[in-house]
Amino acid sequence: QLDPENTGFIGVETFASLVHSHELPLDPAKLDMLVALAQGNDEGQVCYQELVDLISSKRSSSFKRAIANGQRALPRDVLLDETGLGFYKRFVRYVAYEILPCEMDRRWYFYQHRTCPPPVFMAAVTLTQIIVFLCYGARLNKWVLQTYHPEYMKSPLVYHPGHRARAWRFLTYMFMHVGLEQLGFNALLQLMIGVPLEMVHGILRISFLYLAGVLAGSLTVSITDMRAPLVGGSGGVYALCSAHLANVVMVMSSEVGRAVWLRFSPPLPASGPQPSFMAHLAGAIVGISMGLTILRSYEESLQDQCGWWVLLLS
């Protein structure tokens, strides 16, 4: 009745009066987004297909394009002004502002976020790394610079280019660490950056990105630093960090400096092999390239599509 010519559009004022008069049980947050979309087009009209996609929690290409043009004003205040939130919802809001750059994207994520599946990958990896470190620390009675201990280097988990025929070592070295400093740094970044990224992008994307960084680290050491062993999850950590580069570039630079110093000017040069730092650089490259390829994009533009194909082919 409101669209006799079957155009698929009605005026936003007509839609608002329809919702009010019939007391339709629609999510207020979704209605806000629908009105914002209507304000973004020339006619100020509500699109039926956008309504269907929004109510069914489907983000259509038209909605993505509307987000990309950045010309809509939110009818409500920013998400930070939401009051009366519980602890978990406040954490979800923190994740939205930490990871997503646009207020509309943050509101969408905040209201659409589901706790299932939980972000268990980064937590499980970190817990495993801590357990392995404690086991080797108790066994060797050594908690710093463990790579200087001969028994430590005999571990079936450590990677060395001379062991590349044992394919599992390309990944399992991520569970071993030089000492408390490296473990603490990696665990901190994995939990502070990896968990929020996993909450936004999902366990499959983040686990693939992290493991790709780990694999790139061992492959890079195999051809650039063939006399050095490799331990630690730095390849995966730097893949996460470079996917979230703006907020952590200063921390990354200090950690790279520490790794280079340990490689070429170790505190105990005659005591054993110095672990390679090339996994840091390989992981950073993986994060920048594969991060743009596999992580969720809340925008859609021709430039983004071209960049996606270039990175994928590279």
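Owing to the predicted nature of the structure, the values given are computational and were not obtained by experimental measurement. (Residues numbered from 1 in each chain as written. Predicted model: local features only at pLDDT ≥ 70, side-chain atom pairs only at ≥ 80, totals over all residues. Heavy atoms only, no water.)

**Student:** Honestly, the confidence of the model for the chain in this entry has me stumped. Any pointers?
**Tutor:** Any segment with low pLDDT has predicted coordinates that should not be analysed in fine detail. In this model, the chain carries an average pLDDT of 76, and 73% of its residues clear a pLDDT of 70 or more. Ranking the elements of the chain by mean pLDDT puts helix α4 (residues 61-69) last with 46 and helix α9 (residues 169-172) first with 94. Within the model, the stretch residues 62-76 combines pLDDT values under 50 with 36 contacts to residues more than four positions away or in other chains. (pLDDT = per-residue confidence, 0-100. Helix = DSSP H or I, 4+ residues; strand = E, 2+ residues; numbered from the N terminus. Contact = heavy atoms within 4.5 Å.)

**Student:** Just checking my understanding: could you explain the packing of aromatic side chains for this structure?
**Tutor:** Each aromatic ring pair is summarised here by two numbers: the centre-to-centre distance and the angle between the ring planes. Counted according to the given criterion, the structure contains six aromatic pairs. Ring plane angle 75° and centroid distance 5.7 Å describe the contact between Tyr136 and Tyr152, whose orientation is recorded as edge-to-face. Highlighted residues: Tyr136 in helix α7 (residues 121-140) and Tyr152 in helix α8 (residues 150-153), separated in sequence by 16 residues. Each member of the pair, Tyr136 together with Tyr152, is buried. Seen in terms of ring centroids, Tyr159 and Tyr173 are 6.5 Å apart; in terms of plane orientation they differ by 50°. Their pairing is tilted. You can see Tyr159 sitting in the loop between α8 and α9 and its partner Tyr173 sitting in the loop between α9 and α10 (180-201), a full 14 residues away along the chain. Its relative accessible area of 0% is what places Tyr173 among the buried residues. (Phe/Tyr/Trp six-rings, centres within 6.5 Å; stacked < 30°, edge-to-face > 60°. Buried < 20%, exposed > 50% of the residue type's maximum accessible area, 1.4 Å probe, protein only.)

**Student:** So what exactly am I meant to see when it comes to the packing of α7 against α10 here?
**Tutor:** If you want to describe how two helices pack, look at the angle between their axes and the distance between the axes. Closest axis-to-axis distance for the α7/α10 pair is 8 Å, and the angle between their directions is 170°. Between α7 and α10, the interaxial angle falls into the category roughly antiparallel. In the crossing of α7 with α10, the sense of the turn from one axis to the other is left-handed. Across the interface between the two elements, Phe121, Met122, Ala123, Val125, Thr126, Gln129, Ile130 and Phe133 from α7 touch Leu180, Leu183, Ala187, Gln190, Leu191, Gly194, Val195 and Glu198 from α10. Along the lines of polarity and charge, the residues of the contact of α7 with α10 split into eleven nonpolar, four polar and one charged. (Axes fitted to C-alpha atoms, helices over the stretch in contact; angles between N-to-C directions. Parallel < 35°, antiparallel > 145°, perpendicular 65-115°, else oblique. Left-handed = near helix turned anticlockwise from the far one by under 90°. Nonpolar A, V, L, I, M, F, W, Y, C, P; charged D, E, K, R; others polar.)

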